[in-house]
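# Fold and contact review
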Amino acid sequence: MANVKISQLPDASQPLTGAELLPLVQNGITKKAFISSLTPFANVRSYGAVGDGVADDTAAIQNAVNANDAVYFPSGTYKVSSAVSLKNNSTMFGEGASSVILYTGTAATQGAFYVNSGSASAYVDNVTIQDLKFVGQSVTAGFSEFIHLISMNGVRNCLIERCVVEAFRGDGIYIGSGDIAGQERHNVNVIIRDNYIDGVNWQNRNGISVIDGTGVFIESNYITRASQASMPGAIDIEPDSNLFHIVRNISIRNNRIYDCRGGVAEIGVLFPVQTYTNGPNGFLIEGNYIDKPSAASNNAYGIFFQYGGPFNVPVANRIPPITDATPNLGIRILNNYVRLPSTGPGRCFVVWNVNDITISNNEFIGGTTSLIGYPNTYVYDLSLTDNSFNNVNGATDNYAVSIYGAARVAVDRNTFKNCGGTSGAARGAIEFNGAQLVSNGTFATTADWTTGTGWSIAAGVATKTAGTASLLSQLIGLGVGADLYVGETYQLTYTITRTAGSITPQFTGGTTVNGTTRSAAGTYTETITAVTGNVNLAFSADSAFAGTVDNVTLSLGLSNNVALRNNVFLSPAGGFTQQAVRDSGHTFSPATNQFFGNIILDGANQFQSLYSDTIETTWTPVVEGGGSAGSGTYTLQFGRYRRIGRLVFFRLKVAVSAGHTGTGVIEVSLPTAVQAELNNEETACSASADGVSSTGGHIGWINPAATVGTNGCVRIYQTATGTTATVTIPAGAFTVYAAGYYVAG
């Protein structure tokens, strides 16, 4: 019936029978067309397939595929005991769920339907699999990681749609790079859509796996009961460490994922290395519905993206955190719904070691803290906008979002409602994490530390006696193995007492990296950058050192150019929260941060920003003389200011003891430099002074030309009738008050 017009087809029956295609309509009249009248195809039964679920139909199906481009499977159950290899222009189709491919094979990384192009440069083109049901053996034979149902390796223009994929032992659908480790195959333009993927008993690897692919579209699938707890999850984009793998332009859209129990994520993108010949780029995760209703075996994430293995590989194979020079990954996580058990476990999203990422218009419900970064990872250019976080509670002392190391982060227009741990004081919406790495830093026991000659641990301190140079040390563990990451800068704090000698903090193992040598008692904070081979934190005491070490912390957390804008923080019912929290080990760059337009109805805020409409930051004002600066002793130095753009609003109080050595007009430092005006015009502010010799009241003049330290200053003047005059530093004690605003330079 070649070249038949639609008008010449017979009218459609109501309803259409299974052997008819969807209706064809012309001039308002519905017609029917049999498959045979439209497309040349082979009925698999014509090649000897029985379809009774007992006879082995593998050879008959393979013969049909070899002889034809299109192969039709009428209703029936076709037992396949080994892989059926597809060729160029293969189209496999059936009657939907009534056309069953029952796979009993055990060959690794193949499957009921299998493609292998044979080489890295070759492709099998134009493969279509439609309207079939694939059934594996997970119920009767159990889990087997590499026994898949559909395996495509080296395809170009591949479509898998409207299929049921059920009870797979490995992956339901595998888009890979061969069936032997190290094979190089590439996949281009693969569409997986409108499939029902059911692991049945969670004894499987992943619903869909992608090892290599350019232009892979995973859309409108329903995935349920997939993945055991030791496997990744429903959809896993995870190349091996072979540098030839290509993973680019991946779209995961409008899928529904329900009650899958993988141990990583329902949608996971993981790259074990960063040195692929063709780097990854272009990831869209949009409009997916993820629901993990049960807590059991659900200690995983909703959405996960990791570029490089920061901690879960052996030390020798680990990679450093990404840098500003890392090519953009182009990650968009948009309009997803993620629901986890209300008290965890599991996290709605986790992104580690990534850049160029937007997380926007998502709804996150339940679970515990979502992570942006992790120890020894970094995140650049993140936009977290217009999301809703509801009842992200987790356990004791928890947060909706935890940020480790990040630069250029916009947290804008999000709503945090009833977020934070179910108990504990340190809980709330956003945490800037310090990633504490030292164990037993208070020396409550003798555990975790190695004591050299002369060292002992008792009564909550580590004590050394003089006589021999020696080390107090601890192996620093991060995830699997123990090491410090090359190029990472760690913040170290500690307290020492001493009666003699000196002590130096160090990173040891490989090349020793020394911190600052200390020969005076005190509490110190410093940074040390790790080099290759460093595995220990140590305190190296010289032979003369007699004293103690206590309160040791080693942390990793750094952020800059962070903007918190227009967010709404609503506290848990009946619970006090800290809405934005900075751990002691986290280092901000306040001069680069912004905090504007946020609504905080309850709870403290520890975010540090010089640009803010609500946060007041402190500085320590000092007094100098306008003639000679001099110096003095203070009984009080109070200064607070708020910066909105370039406008700086300040207030200060400084109490100086008798004997300040400066001369001339009283000048008090400001928190920032002052914008120089034409002719260095001064600006008036409120001021007062006690303990000085003056006539009339007082006024302050903000002078951009005069500086105390490196910034502008306030000069104190007296206001007699019709004139002003300077107020000079007196011999006795005096106090200065001032408040006003200016434009920062």
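Residues numbered from 1 in each chain as written. Predicted model: local features only at pLDDT ≥ 70, side-chain atom pairs only at ≥ 80, totals over all residues. Heavy atoms only, no water.

### Some remarks on the overall build of the chain
Along the chain, the regular secondary structure elements total 3 helices and 68 strands. Expressed as a percentage of its 745 residues, the buried residues of the chain come to 53%. Contacts in the chain between residues far apart in sequence, at least 24 positions, make up 74% of those at least 6 positions apart. Working note: accessible area of the chain is about 28,100 Å², and carbon and sulfur atoms make up 51% of it. (Helix = DSSP H or I, 4+ residues; strand = E, 2+ residues; numbered from the N terminus. Buried < 20%, exposed > 50% of the residue type's maximum accessible area, 1.4 Å probe, protein only. Contact = heavy atoms within 4.5 Å. Areas by Shrake-Rupley, 256 points an atom, 1.4 Å probe, with all protein chains shown as cover.)

### Here we look at the packing of aromatic side chains
Applying the stated criterion across every chain, the model contains 30 aromatic pairs. On the numbers, 5.4 Å between centres and 15° between planes, the contact of Tyr196 with Tyr222 is stacked. Taken together, the residues Tyr196 in strand β18 (residues 196-198) and Tyr222 in strand β21 (residues 222-224) connect sequence positions 26 residues apart. Residue classification places Tyr196 among the partly exposed residues on the basis of a relative accessible area of 36%. Overall, the relative accessible area of 26% leaves Tyr222 in the partly exposed class. Residues Phe349 and Phe364 carry aromatic rings whose centres are separated by 5.1 Å and whose planes lie at 40° to one another, so their mutual orientation is tilted. (Phe/Tyr/Trp six-rings, centres within 6.5 Å; stacked < 30°, edge-to-face > 60°.)

### Some words on the side chain of Glu161
Among the structural elements, Glu161 can be located in strand β14 (residues 155-161). Beyond its immediate chain neighbours, meaning those up to four positions away, Glu161 contacts Ile129, Gln130, Asp131, Arg193 and Asn195.

### Remarks on the confidence of the model for the chain
Reading fine detail from the predicted coordinates is not recommended where pLDDT is low. Counting all residues, the mean pLDDT for the chain is 87, and 87% of those residues have values of 70 or more. Here residues 311-317 is a poorly scored stretch, pLDDT under 50, and it has 13 contacts once near neighbours within four places are set aside; other chains count. A low-confidence stretch, residues 478-482 (pLDDT under 50), is modelled with 18 contacts involving residues beyond four sequence positions or located in other chains. (pLDDT = per-residue confidence, 0-100.)

### Brief notes about the environment of Phe93
Here Phe93 is to be found in strand β8 (residues 91-94). On the accessibility criterion, Phe93 (10% relative accessible area) is buried. With 21 residues separating them in the primary sequence, Phe93 and Tyr72 have C-alpha atoms 5.2 Å apart.

### Here we look at the sheet that holds strand β46 (residues 503-508)
Strand order in the open sheet made by the 5 strands is β41-β44-β49-β46-β47, with antiparallel pairing throughout. Pairing within the sheet leaves two strands with one partner each, and these edge strands are β41 (450-451) and β47 (513-514). Pairing of β46 with β47 involves 2 bridges; the strand directions are antiparallel. Opposite Phe507, over in β47, you have Val513 as the bridge partner. (Pairing = 2+ DSSP bridges.)

### Observations concerning empty space enclosed by the protein
Within this structure, the stated rule accounts for 1 cavity of 30 Å³ or more. The volume enclosed by the largest cavity comes to roughly 30 Å³. Around the largest cavity, the lining residues are Tyr103, Gly105, Gly136, Gln137, Ile147, His148, Leu149, Phe168 and Arg169. Here the residues of the lining of the largest cavity sort into 4 nonpolar, 4 polar and 1 charged. (1 Å grid on protein atoms, 1.4 Å probe; cavity = no way out; pocket = protein on both sides within 12 Å on 5 of 7 lines; lining within 4 Å. Points joined across faces, edges and corners; volume = space filled by probe spheres on them. Nonpolar A, V, L, I, M, F, W, Y, C, P; charged D, E, K, R; others polar.)

### Thoughts on unusual backbone geometry
Phi is positive for Val200, which is not a glycine, with a value near 70°. In this fold, Val200 is placed in the loop between β18 and β19 (208-210). Positive phi outside glycine occurs at Asp259, with the angle close to 55°. Of note, Asp259 is situated in the loop between β24 (256-258) and β25 (265-271).

### Considering the sheet that holds strand β48 (residues 522-529)
Across the sheet, which stays open at both edges, the 5 strands sit in the order β42-β43-β50-β45-β48 with antiparallel pairing between neighbours. Unpaired on one side and paired on the other, β42 (455-458) and β48 mark the two borders of the sheet. When the angles between neighbouring strand axes are averaged without regard to direction, this sheet yields 30°. Here β42 runs beside strand β43 (residues 461-464); their pairing, made up of 4 bridges, is antiparallel. If you follow Ser456 over to β43, its bridge partner there is Thr463. (Axes fitted to C-alpha atoms, helices over the stretch in contact; angles between N-to-C directions.)

### Remarks on the pairing of strand β16 (residues 173-176)
Of the two faces of β16, the one carrying Ile173 and Ile175 and the one carrying Tyr174 and Gly176 are both buried. Note: strand β13 (residues 150-153) against β16, 4 bridges, orientation parallel. Directly across from Met152, in β16, lies its bridge partner Ile175. Looking at chain direction, β16 and β19 are connected through 3 bridges and run parallel.

### Digging into the nonpolar core
Ranked by internal contacts, the top residues of the largest apolar core, which has 104 residues, are Phe73, Leu86, Phe113, Ile129, Phe134, Met152 and Phe389. Setting aside its immediate chain neighbours within four residues, Phe73 contacts Val44, Ile61, Tyr78, Met92, Phe93, Gly94, Glu95, Ser99, Ile101, Phe113 and Leu132. Leu484, Ile503, Ala541 and Val552 belong to the second largest nonpolar core, which has 28 residues in total. (Core = buried A, V, L, I, M, F, W, Y, C linked by side-chain atoms within 4.5 Å.)

### Section: the pattern of salt bridges
Under the definition given, this model contains 22 salt bridges. Residues Arg261 and Asp259 are paired through a salt bridge, measuring 3.3 Å at the closest nitrogen-oxygen approach. In this pair, the class of Arg261 matches that of Asp259, namely buried. Asp356 is paired through a salt bridge with Arg332; the nearest N and O atoms lie 3.1 Å apart. One end of the pair, Asp356, is in strand β32 (residues 354-360); the other, Arg332, is in strand β29 (residues 331-334), and 24 residues separate them in sequence. Each of Asp131, Glu161, Arg162 and Arg193 takes part in salt bridges that share partners, so that together they form one network. (Salt bridge = Lys/Arg side-chain N within 4 Å of Asp/Glu carboxyl O.)

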